[in-house]
Amino acid sequence: MAIKKIGVLGCGLMGAGIAQVCAQAGFATTVREIEQKFLDKGFGFIEKTLRRAVEKEKITPAQQREAMGRLRGTIKLEDLSGCDLIIEAVVENLEIKNEAFAALDKMCPAHTILASNTSSLTIMAMAAATKRPDRFCGLHFFNPVPVMALVEVIKTIATSQKTIDACWKFCKQLSKTPILAKDTSGFIVNRLLIPLLLDAVRVLEQGLASAEDIDQGMKLGLNHPMGPLTLLDFVGLDTTYNIANIMFNEFREQRFAPPPLLTKMILAGYYGRKSGKGFYDYSGEEPVPTDLGI
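Conventions adopted
Residues numbered from 1 in each chain as written. Predicted model: local features only at pLDDT ≥ 70, side-chain atom pairs only at ≥ 80, totals over all residues. Heavy atoms only, no water. Helix = DSSP H or I, 4+ residues; strand = E, 2+ residues; numbered from the N terminus. Buried < 20%, exposed > 50% of the residue type's maximum accessible area, 1.4 Å probe, protein only. Contact = heavy atoms within 4.5 Å. Areas by Shrake-Rupley, 256 points an atom, 1.4 Å probe, with all protein chains shown as cover. Lys, Arg positive; Asp, Glu negative; His and termini not counted. Charge placed at Lys NZ, Arg CZ, Asp CG, Glu CD. Axes fitted to C-alpha atoms, helices over the stretch in contact; angles between N-to-C directions. Parallel < 35°, antiparallel > 145°, perpendicular 65-115°, else oblique. Nonpolar A, V, L, I, M, F, W, Y, C, P; charged D, E, K, R; others polar. Patch = residues over 30% accessible without salt bridge, like charges linked within 9 Å, V, L, I, M, F, W, Y side chains within 5 Å. Salt bridge = Lys/Arg side-chain N within 4 Å of Asp/Glu carboxyl O. Expected span 1.5 Å × (residues − 1). Pairing = 2+ DSSP bridges. Right-handed = clockwise from strand over helix to strand, strands pointing away. Phe/Tyr/Trp six-rings, centres within 6.5 Å; stacked < 30°, edge-to-face > 60°. Lys NZ or Arg CZ within 6 Å of the ring centre and 35° of its normal.

A. Structural detail: the overall build of the protein chain. In terms of helices and strands, the protein chain carries 11 helices and 10 strands. Out of the 294 residues in the protein chain, the part that is buried amounts to 46%. Partitioning the contacts of the protein chain with sequence separation of at least 6, the portion at a separation of at least 24 is 65%. Taken as a whole, the protein chain presents about 14400 Å² of accessible surface, with 53% of it coming from carbon and sulfur. Of note, the protein chain has its 34 positive side-chain charges centred 7 Å away from the centre of its 32 negative side-chain charges.

So, in structure tokens, the structure goes:
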């Protein structure tokens, strides 16, 4: 089961990052988006990231050109039909994902592996929309994809070992470190991370410590590169909220339930860095804690 041609479904932040590392690793990579403007934005992000890598002398100008030369953009789903592995990286909506997977299942040859980059949905819920559950798995990359070394390889009760072996080798070819996870919402990293992030919000919400002290405590006490509230702003409060709700619906455990403060901030449009305000206000030269009336 040799993987040579890669398809990436979605060219947002994650999809573009996945496409970039595939192209840099030597794979012919086709990226599909629903509109040309989204492709243009994603390819612009890839070009910018590669240009920075050249400036930092991590890659050569020739390697930059070669990587871009291996990338192809399309708005036609059928253009992915000749790929050996297709990685989905669209919005975290099961209905939208399954619509795409059902269509790909019909048009792709029998050997094609379908994979999802979901961070919280169960893989079997998507594999069930196809007639190839043995050739369906999860490949969960981390943001920013070109920098983060980890990939969670998720095996469902129906995924064949042959599929896992092929995807494991693929991750190694990307110079990533794969870890094997069973198919449960949140897998390994988010299963542990989401409760930690939500507890940080609860500590702030209850007035037990300031945002700065919570972040400093976790940075210096546990040697984390950034505190949990800063990380929430980086990931996106809305993204974390959606993941937490999916996990709460799966497990019905209170530790996965979004705290009221997080809900209020989302209603106020405080999504973190991408909106300019979250637990910190990014409108000035340096971030300062947002006044949340606590």
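Now that the structure has been shown, we can carry on.
B. Quick look at the packing of helix H8 (residues 211-222) against helix H9 (residues 228-235). Viewed as axis vectors pointing N to C, H8 and H9 meet at an angle of 100°, and their least axial separation amounts to 7 Å. As judged from the angle between their axes, H8 and H9 are roughly perpendicular. Contacts between H8 and H9 involve Ala211, Ile214, Asp215 and Met218 from the former and Pro228, Leu229 and Thr230 from the latter. In terms of residue class, the contact of H8 with H9 is built from 5 nonpolar, 1 polar and 1 charged.

C. Seen up close, a nonpolar patch on the surface. Taken together, the side chains of Met226, Phe234 and Val235 define a hydrophobic patch exposed on the protein surface, amounting to about 220 Å² of accessible area. Position of valine 235 among the secondary structure elements: in helix H9.

D. Seen up close, unusual backbone geometry. Cis rather than trans, the peptide bond between asparagine 143 and proline 144 has omega equal to -5°. Along the chain, the position of proline 144 falls in the loop between strand S6 (136-141) and strand S7 (150-155). Phi is positive for phenylalanine 187, close to 55°, though the residue is something other than glycine. Within the element layout of this structure, phenylalanine 187 appears in the loop between strand S8 (177-182) and helix H7 (189-205). Notably, asparagine 223 is not glycine yet its phi reads approximately 60°, a positive angle. Mapped onto the elements of the fold, asparagine 223 is located in the loop between H8 and H9.

E. Representation of H7 in the model. Helix length check: H7, at 17 residues, gives a terminal C-alpha distance of 24 Å against a target of 24 Å (1.5 Å per residue), a fit within 8%. Among all positions of H7, only Asn190, Ile194, Pro195, Leu197, Leu198, Ala200, Val201, Arg202 and Leu204 are buried.

F. Main features of the sheet that holds S8. One open sheet accounts for 8 strands, arranged S3-S2-S1-S4-S5-S6-S7-S8; its pairing is mixed. Only two strands of the sheet have a single partner each, and these edge strands are strand S3 (71-74) and S8. The sheet shows a mean angle of 25° between the axes of neighbouring strands, direction not considered. Relative to S7, S6 runs antiparallel, the two being bridged by 4 bridges. Considered in S7, the bridge of glycine 138 is made with isoleucine 154.

G. Summary view of the pairing of strand S5 (residues 113-116). Residues Ile113 and Ala115 point to one face of S5 and Leu114 and Ser116 to the other, with burial holding for every one of them. Relative to S5, strand S4 (residues 85-88) is paired through 4 bridges, and the arrangement is parallel. Along S5, the bridge assignment pairs leucine 85 with isoleucine 113. A crossover links S4 with its parallel partner S5, the connecting element being helix H4 (residues 94-107), and its sense is right-handed. Pairing of S5 with S6 involves 3 bridges; the strand directions are parallel. What sits directly across from leucine 114, in S6, is phenylalanine 136.

H. Spatial organisation of the packing of aromatic side chains. One pass over the full model with this rule turns up 3 aromatic pairs. Arranged with centres 4.7 Å apart and planes meeting at 65°, the rings of phenylalanine 101 and phenylalanine 136 form a pair that is edge-to-face. Placement of the pair is phenylalanine 101 in helix H4 and phenylalanine 136 in strand S6, with a sequence separation of 35 residues. Over the ring of phenylalanine 251 we find arginine 191; its NZ or CZ atom is 4.3 Å from the centre of that ring.

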